[in-house]
Amino acid sequence: MSKRNTPQRRHAILALLNAQGEVSVDELSGRFETSEVTIRKDLAALEKNGLLLRRYGGAVPLPQELIGDTALPVSPYKQAIARAAVDRIREHARIIIDSGTTTAAMIPHLGRMHGLLVMTNSLNVANALRELEHEPTLLMTGGTWDPHSESFQGQVAEQVLRSYDFDQLFIGADGIDLQRGTTTFNELLGLSRVMAEVAREVIVLAESDKIGRRIPNLELPWNRIHTLITDDRLTDEARSSIQARGVKLICVAVETHQET
């Protein structure tokens, strides 16, 4: 492409990124028959405009949490998954709720429960918990604020978590690799792994369209996950693959909000 076709090339880069889940400078340079310097300028411009995130040697899509309009209603799939997650909580349980839109959708349904103790690294989750009729005992991890995930991370947060033990961890995922486990755009992985270490049951909440997404960073391998709650759009092939890992799979029908 000539220089005057720069907008078309950048549009094509975004289309390729959305289709593949990641792109490399080397791949793009060959595909568009232009220099790596030019491709890096393209990626820098697209990142500046809030259309992707650069990573070493390439780029990944911008996390939905960073581009979503918080004024928009939570999808019915996330709502159904969140309700199914709350159904697994006993009164007086000690739980961790990680940051994320799907986990946050659990909060309105916790108000009917008594005696909960909830640890979170999310200010949004913490503020929502404080509005409940039956307000749980709230613990915050503290730590270093990460603007990308809008949560606290780092060694201080990890040390606080290791001071407790919990019945359940409820955690989302940017993607689920059928071979590896949950994946994330966030390169700060330590806290999620410590959360899994200190909880007796690790429950992942994810819409089915995230299953099979290619994202570089492995967050939790399958052997650290006990339960996956998703929706009933999941393919039979994916169901079989997940269940073969020894993971309890709950597929929620959005219309009836029942397990299938």
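- The chain carries the name DeoR family transcriptional regulator in an unreviewed UniProt entry, which gives Stutzerimonas marianensis as its organism.

## A closer look at the packing of aromatic side chains
- All told, the structure shown has 2 aromatic pairs when counted by the stated rule.
- Judged by centre distance (5.0 Å) and plane angle (70°), the ring pair of tryptophan 145 and phenylalanine 152 falls under edge-to-face.
- A relative accessible area of 39% places tryptophan 145 in the partly exposed class.
- Residue phenylalanine 152 is classed as buried on the basis of its relative accessible area of 15%.
- Here the aromatic rings of tyrosine 164 and phenylalanine 166 are separated by 6.1 Å at their centres, their planes lie at 40°, and the arrangement is tilted.

## Considerations on the sheet that holds strand β13 (residues 217-221)
- Ordered in space as β10-β11-β13, the 3 strands form an open sheet in which the pairing is antiparallel. Strands with a single pairing partner mark the edges of an open sheet, and in this sheet they are β10 (175-177) and β13. Strand-to-strand, the axes of this sheet are offset by a mean angle of 40°, without reference to chain direction.
- Where β10 lies against strand β11 (residues 181-184), 3 bridges are found, and the strand directions are antiparallel. Within β11, the position partnered with aspartate 177 by the bridge is glycine 181.

## Considerations on the sheet that holds strand β2 (residues 52-55)
- In spatial order, the strands read β1-β3-β2; together these 3 strands make up an open sheet with antiparallel pairing. If you trace the sheet from one side to the other, it starts and ends with β1 (23-24) and β2, each paired once.
- Of the strand pairs in this sheet, β2 and strand β3 (residues 58-61) are connected by 4 bridges, and their pairing is antiparallel. When the sheet's bridge partners are listed, leucine 53 is paired in β3 with valine 60.

## Points about the nonpolar core
- Core analysis: the biggest nonpolar cluster contains 31 residues, and Ile96, Leu161, Phe166, Leu169, Ile176, Leu228 and Ile242 have the highest contact counts within it.
- When contributions to this core are tallied by element, the ones reaching two or more residues are β5 (117-120), α8 (155-161), β9 (166-171), α9 (190-197), β12 (199-205), α10 (236-243) and β15 (248-253).
- Looking at this core element by element, the count peaks at 4 residues for α9.
- With residues up to four places along the chain from it excluded, the contact list for leucine 161 reads Ile96, Met119, Thr141, Phe166, Leu191, Val194, Met195 and Val198.
- Residues Ile81, Leu110, Leu116 and Ile250 belong to the second largest nonpolar core, which totals 27 residues.

Rules used throughout
Residues numbered from 1 in each chain as written. Predicted model: local features only at pLDDT ≥ 70, side-chain atom pairs only at ≥ 80, totals over all residues. Heavy atoms only, no water. Phe/Tyr/Trp six-rings, centres within 6.5 Å; stacked < 30°, edge-to-face > 60°. Buried < 20%, exposed > 50% of the residue type's maximum accessible area, 1.4 Å probe, protein only. Pairing = 2+ DSSP bridges. Helix = DSSP H or I, 4+ residues; strand = E, 2+ residues; numbered from the N terminus. Axes fitted to C-alpha atoms, helices over the stretch in contact; angles between N-to-C directions. Core = buried A, V, L, I, M, F, W, Y, C linked by side-chain atoms within 4.5 Å. Contact = heavy atoms within 4.5 Å.

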